[in-house]
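Structural description and commentary
So the chains spell out like this:
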Amino acid sequence: MLCRKIYILLTATFLAGNLGAQVLRGSLTDDNGKPVPAATVYLRELQLGTSADAQGEFRLNVKSGDYTYVIQCLGYKTATGVVRIGKQGAVLNVRMSMRTYELPPIIISKNREDPAYRIMRHAIAMAPYYSRQVSSYTADVYLKGTAKVNKISRVVKTLAKKELRGANIKEGEAYFLESMNEITFTAPNSYKHRVLSANSTLPAELGGKFNTMNYVNVNVYSLSLFARDAFSNYRFFYEGFVEEGDMFINKIKVTPRKKSPELVGGYIYIINDTWQVYSATLGGEFPFGTFSATMSTNEVQSEVRLPTSYNISAVVKALGNEATFAYAGTVRYKDVKKNSTLENPLKAGDEKAPQALPAQPSTVAKSAPQKSKPDSIKQAKRRKELENLLEKEVLSNREMLKASKLISEEAEAKNPTSLNLSNRYQVQIDSGVRTRDTAYWNEIRPIPLRREEAVSFRKTDSIRALAHAPSDSVKRRSGWLGNLLMGKRYEPCSTLRIAHNGLVAPSMLYFNSVDGWKYGQELWLRKLFADSSTLHLNATAWWAFNREAFMWKLRGSYTYIPERRANVFFEVGKYDLDFNHHHPETQSNSLLSLLLHNNYNRLYENFTVQVGNSIDLANGLTLQASLAYYDRTRLDNSTNFSFFNRGAQYAPNVPENAYVPADYRLRTAAIASVSLSYTPKYFYRMRGRQKRMAYSSYPTFSIAWREGIPSLFGSKSDFSMGKISIHQNVRTGLLEELFYRVEGAKFFRNSEVDFPDFYHFTMPGYVAYTNDAASWEYSRYYRYSTPTWGASAQIRYTTPYLALKYLPLLDRTYCRENVRAHVLYTPQNDFYSELGYEMSEIFLMMRLGVFVGFENASFRVVGVTFGFNL
């Protein structure tokens, strides 16, 4: 599963191919006669291309005729010419000469920035236009991939012996795949995918299932290199230019400023004056390996350049296992249509196209003015301002951001963005997709097979001939012991899914002073009906060993209007619960108890029955209502066990709060709740009729009301509480984000309010020292809870580099740094404020930090925070 997930991540880019009759074959060599691998061979009249293999050999199937070929490879001069293809095909052997990039005269001074930044500012400013330039196209897509398992760890060989044998995964074995597809794209995100044929020796566990959409829906201008904060994340170095026909191509070296799987490095080539991407060779790291990718573009229509070939390679290393992946492919575009509603900002008005470098003459012909009648005074003003910006030879960072924003606003005005992000993906699979023989593939394959690939596919043909069935239709048995221990997801049919977490489930093992050791198991069920309505059931059971108590919970929901996320839900169960349910750090409490003999959680037993309903009144506007019955029971500590300091005693299971006496009691409660939340411009995706919310650049506003109903089902509660809040997660850059939340609550009636129904605050952190005395028993989690009224505000800034990440060793990790501030007010305690620093994603799943707290500006507490995401 790990290899498959990484495979999908690495190959999320697009690759393609073509169909033909005669064969154009050949080889590419350098001045020393050595093969030139991964070069792009493109026939201009057919808008058809392919990639040379590792031996520099290529193949194209085309009709007879005379064609202009363009052969590109990074580091070599572009070779062009005319080839005549007759009935017998043609052979084209080309010698590629090394390319030298010229550097124009540049005045070098201490304060002079690298010329690459001038070019990138124009490219970043124009990226919003080029990303929306095409309204539709049809493309033939060919993909060829190789996967080789270099090493399988002893642990995997032992625990997954049967699975490896069943999947036919062997150490040192190479596997291959190829597919031919037809893709029809309509802006902004509609795809029709026709699978023409597929050929594979890859096991499904290594990515043997084809999903060509992973290769066709990536826009080169959406890369982080073209983000508005690119200069904060990258350094750019100008390494010269080369003249190719009527174009000047700038070579720019890209170096990440920070270590992140979202950043890449290498070279990008930008066409002068138009600021389009000519080609790129980029690579990077991710937590379990490295990857590199080469992309070439061609002009598929006047002023429209799209990627026509890709080569991707990756090395994956994880827990002693190692595999290599390599993919190559080509794209043949047909019927490309430009977005007629968008005007090229560089050709609007009478402006003069900007120059990147003084020594490089302009080579792009200026078109006649194309001014159109503005739709509004605002649009006319925007266009004029944009024209003035793009006339400049050099843009400042501020002007770059302004131009990019203006182009985006112009595109949005002409083509308003739909809140529906669904791909609207339709797939059609031809009947003989897996039954094509070697002769068929030899005729249509645009990239020749290497010897080992051809032998592997011939073996596959023989196996299919004997089996009379597609290789991927054979069901394999999985080891029952592995499924029992590690968990398993079962799909008896396409509409039913059942899963369990397995006996080895670290996230279901807990320890606390009330239960002692507690261990649980979980089971999930999802049923999809013909009308897209969905039933979800979740059953969980625990056993508390010291308390000798069985706990259980059954939750379910039925989505009856998928388009409006309308669902009824219920919960019934008997289990223990933290008084402050806003922040139940159960795993961290387990470690503190076992290692430091400190219990900061306070628990009670809760039998609950709850029913409710939730529905979207409009997009982003959600109404939820519920009625719940709670029968609560006080609990006391049942164990004094700890790994260390065994002579110490755990603190009593009593929340520290001015309103809670040592002999506190809990009673039954019937509580009705209703809430309304609204998020403006909330983007979403549709899966059939099912709606899934995605993101919004706006805050979420919420209002809620809770009513304790006395005498209903024997309820003793009698209160009314209202709460309002606003929160938002803001992306301040590619790798930075800012989160804030402001909320307040007030009890308008509080005749009978048990502690679980107080207004509680979120209080992360574990206390080490207070101004009273060194005390692990002190608990901020309950001290400020109130039955009257209170308000709080918190803010958190997250970035990959802030302070400690600049230190050696830490600077090459994937950790992120967080700074936060928190302030709250309650009548009984006045103001409490807190400042904290934390490193998160340590080993991808841990967090660790420190904080300091103050009451009315006087020091109160200092402590640490830590936790896990298991």
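Look up a bit, the structure's there.
Below: a short report on this structure. Values in this document were obtained by computation on a predicted structure and should not be read as measured data.

Section: a nonpolar patch on the surface
Taken together, the side chains of L617, L623, V674, L676, I703, W705, I724 and F748 make up a nonpolar region of the molecular surface, amounting to roughly 700 Å² of accessible area. Every element with two or more residues in the nonpolar patch is listed here: β28 (668-678) and β31 (700-708).

A word on the sheet that holds strand β12 (residues 247-256)
Each strand in a sheet pairs with another by means of backbone hydrogen bonds, the pair being arranged parallel or else antiparallel. Pairing is mixed in the open sheet, where eleven strands are placed in the order β11-β12-β13-β14-β15-β16-β17-β8-β9-β10-β18. Bordering the open sheet on either side are β11 (234-244) and β18 (425-429), each of which pairs with just one other strand. On average, each strand axis in the sheet is inclined to that of its neighbour by 20 degrees, with strand direction left out of account. Pairing between strand β13 (residues 265-271) and strand β14 (residues 277-286): six bridges, direction antiparallel. Bridge assignment links G265 to a residue of β14, and that residue is G283. On the sheet, helix α2 (residues 116-130) packs against β11, β12 and β13 and is oriented at approximately 90 degrees with respect to β11.

A look at the packing of α2 against helix α8 (residues 397-414)
At a minimum axis separation of 7 Å, α2 and α8 run at an interaxial angle of 10 degrees. The angle between α2 and α8 places the two elements in the roughly parallel class. Across the interface between the two elements, R121, I124, A125, M126, P128 and Y129 of α2 pack against N397, M400, A403, S404, I407 and S408 of α8. Each residue belonging to the contact of α2 with α8 can be placed in one class, and the counts come to eight nonpolar, three polar and one charged.

Here's the deal with the pattern of salt bridges
This model, assessed by the stated rule, comprises 37 salt bridges. The partner of E239 in a salt bridge is K251, with the nearest N and O atoms 3.8 Å apart. Here K251 lies in strand β12 and E239 lies in strand β11, a separation of twelve residues in the sequence. On the basis of relative accessibility, which here comes to 27%, the residue E239 falls in the partly exposed class. K251 sits in the buried class, given a relative accessible area of 16%. Here the salt bridges do not stand alone but share partners, grouping D515, K518, R547, K574, D576 and E605 into one network.

Topic: the sheet that holds strand β6 (residues 79-85)
Strand order across the open sheet formed by four strands is β3-β2-β5-β6, with antiparallel pairing between neighbours. Of all strands in the sheet, those with a lone pairing partner are β3 (48-51) and β6, marking the two edges. Adjacent strand axes in the sheet meet at a mean angle of 25 degrees, parallel and antiparallel pairs treated alike. Pairing analysis gives four bridges linking strand β2 (residues 40-43) to β3, with the strands arranged antiparallel. Note on β3: the bridge partner recorded for V41 is T50.

Some details on the pairing of strand β27 (residues 621-634)
Here strand β26 (residues 603-618) runs beside β27; their pairing, made up of 14 bridges, is antiparallel. Note on β27: the bridge partner recorded for I615 is L623. The antiparallel pairing of β26 with β27 creates a hairpin that spans two residues between the two strands, and G620 there sits at a positive phi of about 85 degrees. When β27 meets β28, the two strands line up antiparallel, connected through eleven bridges.

Remarks on unusual backbone geometry
That bond from A187 to P188 is cis: its omega, 5 degrees, falls within 30 degrees of zero. By secondary structure assignment, the location of P188 is in the loop between β9 (174-186) and β10 (190-200). For E841, which is not a glycine, the phi torsion comes out positive at approximately 60 degrees. For E841, the location among the structural elements is in strand β37 (residues 830-842).

Description of the packing of helix α7 (residues 377-390) against α8
Axis angle and axis distance: for two packed helices, these are the angle between their axes and the distance between the axes, and together they describe the pair. Direction vectors running N to C along α7 and α8 enclose 145 degrees, while the axes themselves pass 10 Å from each other. Classified by chirality, the crossing of α8 by α7 is left-handed. Residues Q379, R382, R383, E385, L386, L389 and L390 of α7 pack against E399, K402, A403, L406, I407, E409, E410, A413 and K414 of α8. The residue inventory of the contact of α7 with α8, partitioned by class, reads seven nonpolar, one polar and eight charged.

Remarks on the side chain of N599
One can find N599 in the loop between α12 (586-596) and β26. Residue N599 is classed as buried on the basis of its relative accessible area, which comes to 2%. Contacts of N599, omitting those with residues within four sequence positions, involve S513, N589, S593, N637, Y650 and A651.

Section: the environment of Y678
Topologically, Y678 is positioned in strand β28. Beyond its immediate chain neighbours, meaning those up to four positions away, Y678 contacts N619, G620, L621, P699, T700 and F701.

About the thresholds
- Residues numbered from 1 in each chain as written.
- Predicted model: local features only at pLDDT ≥ 70, side-chain atom pairs only at ≥ 80, totals over all residues.
- Heavy atoms only, no water.
- Patch = residues over 30% accessible without salt bridge, like charges linked within 9 Å, V, L, I, M, F, W, Y side chains within 5 Å.
- Areas by Shrake-Rupley, 256 points an atom, 1.4 Å probe, with all protein chains shown as cover.
- Salt bridge = Lys/Arg side-chain N within 4 Å of Asp/Glu carboxyl O.
- Helix = DSSP H or I, 4+ residues; strand = E, 2+ residues; numbered from the N terminus.
- Pairing = 2+ DSSP bridges.
- Axes fitted to C-alpha atoms, helices over the stretch in contact; angles between N-to-C directions.
- Contact = heavy atoms within 4.5 Å.
- Parallel < 35°, antiparallel > 145°, perpendicular 65-115°, else oblique.
- Nonpolar A, V, L, I, M, F, W, Y, C, P; charged D, E, K, R; others polar.
- Buried < 20%, exposed > 50% of the residue type's maximum accessible area, 1.4 Å probe, protein only.
- Left-handed = near helix turned anticlockwise from the far one by under 90°.

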